[in-house]
Every structure is written in C-alpha cells, then in structure tokens.
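A structural walkthrough
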Amino acid sequence: MAYIELKNVSKSYGTGKDRVEILSNINLKIEEGEFIAIVGFSGSGKTTLIKLIAGLEFPDEGEVLYKGEPVTGPSHERGLIFQNYSLLPWLTVRNNVGMAVKERFKSWAKDKLKKRVEDYVGMVGLSHAINKLPKALSGGMRQRVSVTRALSMSPDVILMDEPLSALDALTRGTLQDEILSIWNKDKKTALLITNDVDEGIYMADRIIPLRPGPNATLGPEFAVELQRPRVKTELNSNDTFKKLRNSITNYLIQIGEERSKGLSKEYNLPDIKPVLRTKVFQGTRV
Amino acid sequence: MKDKIINVLRFIGLGFFEPAVRLAAGEDPKKNLTALFQKVFFPIISIFLFFVLWNVGATKLYNVEKDYKIDTARETRGEAGVKEELARIESGESTVNSLPAPSAVWDAFKNLLKDHKEISAKKKAFTERVAKTNEKREAQGLDAITYTGRPSFVDQVKTSLWTVFCGFLLALVLAVPIGMLLGLSETLRSSMNWLIQIFKPVSPVVWFLLVYMIVKTLTLTYDGDVSFIISFIAVGLCAMWATLVNTTLGVSTVDNDYINVAKVLNLSVGQKVFKIVLPSAFPLIFTGLRITVSVAWMVLIAIELLSQSPGLGTFVWEEFQNGANDSNAKIIAAMFVIGIIGFMLDRIMFSIQKLVTFTDQ
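If you tally the helices and strands in chain B, you get 12 helices and zero strands. The N-to-C order of helical and strand elements in chain B reads α-α-α-α-α-α-α-α-α-α-α-α. In terms of C-alpha radius of gyration, chain B reaches 27 Å, well past the compact-globule figure of 21 Å for 361 residues. For the C-alpha atoms alone, the extent of chain B along its principal axes is close to 95 × 75 × 50 Å. Taken across its 361 residues, chain B has 38% of its residues classed as buried. Long-range pairs, those at least 24 residues apart, make up 70% of the contacts in chain B between residues at least 6 apart in sequence.

Listed per partner, the contact involves 21 residues of chain A and 18 residues of chain B. Both sides together, the interface formed by chain A and chain B hides about 1800 Å², and carbon and sulfur atoms give 65% of it. Linking chain A to chain B there are four residue pairs in polar contact (both at pLDDT 80 or more). Put simply, the parts of the chain that give the side of chain A that touches chain B at least two residues each are α2 (93-104) and α4 (139-151) of chain A. It is α2(A) that provides the largest number of residues to the side of chain A that touches chain B, a total of four residues.

All names here are of chain A. Taken in spatial order, the four strands of this open sheet run β2-β1-β4-β5, and their pairing is antiparallel. Edge positions in the sheet fall to β2 (20-30) and β5 (69-70), since each of these pairs with one other strand and no more. Against the sheet, helix α1 (residues 46-54) makes contact with β1 (4-13), β2 and β4 (61-66), and its axis sits at roughly 125° relative to β1, the strand it touches most.

Turning next to the domain arrangement of chain A. All names here are of chain A. Each assigned domain of chain A is listed with its residue range as follows: domain 1 (4-77 + 155-256) and domain 2 (89-154). One C-alpha centre belongs to domain 1, the other to domain 2, and the line joining them spans 26 Å. Taken together, the contact pairs 15 residues of domain 1 with 13 residues of domain 2. Across the domain 1/domain 2 interface, buried area totals approximately 1100 Å², and carbon plus sulfur atoms make up 69% of it. Counting the surface domain 1 buries against domain 2, the share from its top three residues, His 76, Pro 155 and Ile 182, is 44%. Inspection of the region where domain 1 meets domain 2 yields one salt bridge. Where domain 1 packs against domain 2, one counts two residue pairs in polar contact (both at pLDDT 80 or more). Top contributing element to the side of domain 1 that touches domain 2 by residue count: helix α5 (residues 169-186), with seven residues. Here the residues of the side of domain 1 that touches domain 2 sort into eight nonpolar, three polar and four charged.

Turning next to the pattern of salt bridges. Scanning the model with the defined rule gives 26 salt bridges over all chains in all. Residue A:Lys11 is joined to A:Glu57 by a salt bridge in which the shortest nitrogen-to-oxygen separation is 3.6 Å. Pair noted here: A:Lys11 is in strand β1 and A:Glu57 is in the loop between α1 and β4, with a separation of 46 residues, a long-range link. In the salt-bridge network here, residues are joined through shared partners; they are B:Arg77, B:Glu84, B:Glu85 and B:Arg88.

This part is about the pairing of strand β3 (residues 35-40) of chain A. Each regular strand carries side chains that alternate between the two faces of the sheet. Residues and elements named next belong to chain A. Of all six residues in β3, six are buried, a share of seventy percent or more. Neither face of β3 is exposed, since Phe 35, Ala 37 and Val 39 on one face and Ile 36, Ile 38 and Gly 40 on the opposite face are all buried. As judged from the five bridges shared by β3 and strand β8 (residues 189-194), these two strands associate in the parallel manner. Bridging from a neighbouring strand, Phe 35 pairs with Ala 190 of β8. With five bridges connecting them, β3 and strand β9 (residues 206-210) associate as parallel partners.

Cut-offs used in this document
- Residues numbered from 1 in each chain as written.
- Chains lettered and ligands numbered in written order.
- Predicted model: local features only at pLDDT ≥ 70, side-chain atom pairs only at ≥ 80, totals over all residues.
- Heavy atoms only, no water.
- Helix = DSSP H or I, 4+ residues; strand = E, 2+ residues; numbered from the N terminus.
- Rg over C-alpha atoms; globule rule 2.2 N^0.38 Å.
- Buried < 20%, exposed > 50% of the residue type's maximum accessible area, 1.4 Å probe, protein only.
- Contact = heavy atoms within 4.5 Å.
- Buried area = accessible area lost by both parts, 1.4 Å probe.
- Polar contact = N/O pair within 3.5 Å; in protein donor to acceptor, adjacent residues only side chain to side chain.
- Pairing = 2+ DSSP bridges.
- Axes fitted to C-alpha atoms, helices over the stretch in contact; angles between N-to-C directions.
- Domains from an automatic or database assignment.
- Salt bridge = Lys/Arg side-chain N within 4 Å of Asp/Glu carboxyl O.
- Nonpolar A, V, L, I, M, F, W, Y, C, P; charged D, E, K, R; others polar.

This is the structure in structure tokens:
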C-alpha cells in the first residue's frame, strides 16, 4: 500500500461559466521515505495539488488517501512549508515555532516545550535570532523559520510548496542542503513542488512533471538514479545528470509549446491601409 | 544618548525635533540645519504669520464695531453723545464685543489660571474648615459636607477629560467585541449592516437627546450626577462607529495565509480567533480607536453644552451667554486649550498604537 495516493483526482474553482478545472485525472503514488519532486510551469496547479494532499482543499472527484485513509483535513502528520513563509508577523521566531510545538505536544511541560523550540531553531542556525520578529529577518532566514516550524511538529510527511523560489541562488543552495540533511536524518517522506529542474534532480528520487493547466495532469515520471549524497559541483559534469536534465527540460518545452499552440487563435485581420491626406513631418505639414 | 532621545521623540510622535537633537550632537550640520529649517523654523514662521493675521483682523473688526457705536451715538445724541460713548468704551462700561486680539486671549488665559488658584485656595480652606464637622457627621452616619462653589477652568478641563475617557472606554467595550462578532460572521454582518449605516451618520446632538430620553427614565430615583452619565454615554455612542467599522473590517479580512497556518497547526476556534484573527486585525482596530478618541473629544463640547455637565462645553456656552468684556477672549482661550488637548490625545493614541501593533516590513 502506498503512503500517499491520489486516485483520479480532479479539482476546479468557480461555478457555471466561470468554472475552471485546474487539475484533472491526477494519479500519484508516493512510498514511505521517498523524496518526490513535482516540476511544472507557474500557474499549472502545483499549489492546488499540494493543498489537496495537505487537506486544505478537497477534490471534486477522486480521492486523496493518506496511509490508505481518505484525507479529511489538515493534520500534524503532514507538515506544510508555504511558498511565502506565512510567518505570523506579530510573533517572534520563538513564538512562531513555539505555537506549533505547543499545539503538537499538548501534554508536555513548559521547559520541555522550550527546549524543543530552541533545539529546532538551533538546527537551522537561527539561535541568535530567536527573539526577533520576522520583519527583522532576511527572506532566507524567514524560510528557515518556516521550515523549522513545520519540522518541529515532527510530521511524517513534509510537503513543500516552492519553498525556495523567492530566494537568491546562494541562499537557495544552502537551504537545499539543509532540507536534504534533515530529510536524510529521519528518512521522512517528502514532496517538493518546484519550478527549477536542477533543484528537483539534486534533491529528489523521482521527478514528475505537471502538464500545465487548466486541466493539468501529471506527465511521465523520471527516476533520478544518482548516488546520494550528491555533490552539486560534481553534478554539472555528471553524464546521468546532464542526460536527465536534458530530457526533462525537453519534455517541459514540448508541452509548453503544445499549450501555446492550443491557446493561440487565428485572427482574421481586415485588409486596410492608412489613408494619408497630407504628409506630416515632426508635427508640421510639409 | 542622542539615539535614545531621538527614539523617544519618534515614539511620542514628535519626530520633527530630530534634526535639532542631531545638530546639538554636532552631526552633519549642513544636512540637519536644512532639515531643522524645514521641520521647525518654517512651521514657527507660519504660526507667527497666523498670529499677525489674527491681530490685524481682530483690530479691524474691533474698529468696525467701535465706529458703529460712535456713529449711532452721534446720530441719536450729537457730539456730546460721542464723547460720552468714548468714555464709556474706555471705562469698559460699554463693551465692544468682537473677535479678541491674541494679547487679550493670552490675558484671559492667565486670568483663568489665576482664577483657578483662587478657587483652589478657597476649596482647600473650606475642606480644612469642615474637616472636624465632617468627622463628626461621619460618626453619626451622615454624608460629608462638600465644596459646592463654582468650578475653575482647570476643574472643567479635568471633568471634560474624565468624560472623554469614560466615553472612550464605553466605545471600546462596545465596539471591539461587537466588531469582532460582526467580522467573524457574515450573516450577522449583513443583518446589522443597515442599522449601522443608518446610525453612523447621526449627529451628536441627536445622540445626546436619545441618550437623555433613556437615561432620564432609568435614573429617576438616582440623585447623583446624571448630566455626567448622559454626557459620557452620548460621547461613547457618537465616537464608537469608527472602531466598530474598522474592527469588523480587520477581522473579516484576515490574510488567507494566516488562516491556512491556523488550519495546518490544527488550532481550535478560540485559539484561531485570539491568536491569529485578533492580532492580525490589531493595526486596523487601533486606527479605529485613534479616530474614536478624536471624534469623542470633538463631540464632547457640543454634548456637554447640552447636558450642562460642568466641562469645557458648558464653560464655552456660559461665557457666550455671559457677554462680559473678556468673555470672547476666554472662549478663544478655551478653543486653543481644546485644540491642544485634542492634539495630545491623538499623539498618546499614536504612541500606544506603535507600541502594540506589528508592521509587516
């Protein structure tokens, strides 16, 4: 039995004429301990997909199964890392993480909770900023807090909705490594949504392209057969990596072209020519 | 030290003195001197011009009224009448009641303070005199004798501030919880919307009359200060709308991201309201409260005037009815006191708002 399973899932927003089907006929199986990356264009329904798995949205058709049971709402077992960090701006780092820990471990004593918060903040190297408000942190630091908030609840699955897409390349690299090392330590199941093919190959076991919506469906999956731990500097000269990147990129370009073909219409333009009564040069008649 | 002073100034909303502090510390004289000119010097010039204009205008109005009196005297009683009238104006027997000049207002203000000192002294003497009697009366189970003389201007300012404070508390206690309920439930919101839209623009005077009708009946057997009760309730009801509307808006438009966080963390309904919705609505609620304080202070004068509660409104109205030589000057002095207190109240609210609300950036 798969850990997470999506069976013929369809989801649309709006009603009547404005109804837009975002996802249609999605089938996906994720096994325990796997790291899956879903790659796709922006606006293809990636966020909707992850919201369905997290339990923030529910499918119109089909079902989302978690450990064989249908998902009925958000749960501590599936930690979600948001694209825009979603830290509460009126709480310090300590309280942002603390709120999650307190909610997860209701029976714990105060100092035990406090220690856990400090441990997890320390794990992402933010001990010095623990009493700061989010506004005093950089984008990378904020996302670290967001990551550690999700992990501090010790979820079985980490769902990541383009967590690194708003960060600069260098911060992105370090955070990728941090997430990988955390994943590696506990062997959690992870689902990463990204628009960066390199990121997907570097981090995941399997890569599944999402064909762009409306009516987005999952494309054929690409298995990443690279040894872990992967070294970024060596990847660029690795033949398997290059081949894989080329084939995924080609696939994405191909479906991108298909989409733009489907979208563009032929317009019959009227065959007219402008009638020039007088010649005008720089505002004066000549 | 310098940074501390600047932070305090900024916090109490007097940030425009910042260049002066920096200049005193000898920091970047050229830049700070320009800033000082812009933020302090020019405002002072404009205030000065205002006083000059006021003085010129007041003198002109005074002359218009004086000339009219003399002309009337000439027409009815001839040249002898003119002399007589001039003497009467000189002695203050015939009042030229027009816009007072700044100096007259300043004198009136000083007189008001002097008057306050005299009344305070009288009050103190009275309290000392009746102290023994009061002890006896207390032992006999009777009420103590209290000073019942005329209140001074400062006493009236205190009464007004107390009325506004009570009115503000009433507005807070009514508007914030109701606003939260309305913000949380769309059904409640749409069912109350009509009532709110109709009551919001009602004039303070009408609110006063409405409160008067109700409170008068409810306090038939109460022999305390009913005028005060009516005043503060009317002030609260007039001023609460800004807070009510802002709280409703703040609570009903919480960022969807925060709601998602609450869902993912599996917060209970109560926790969602108090840990997510309320804090995120705080900036808007406080903006509403700040408007409420301003409105409360503004409507207070009219309401006190009607209710005869012994505050600034009553003071202004009594002086107007009085029509003594310095009545107009006293009214203008009261006007400045009202304005300055209003400004200070707004600054206080501004500081509290800064203290308790978050900014995203």
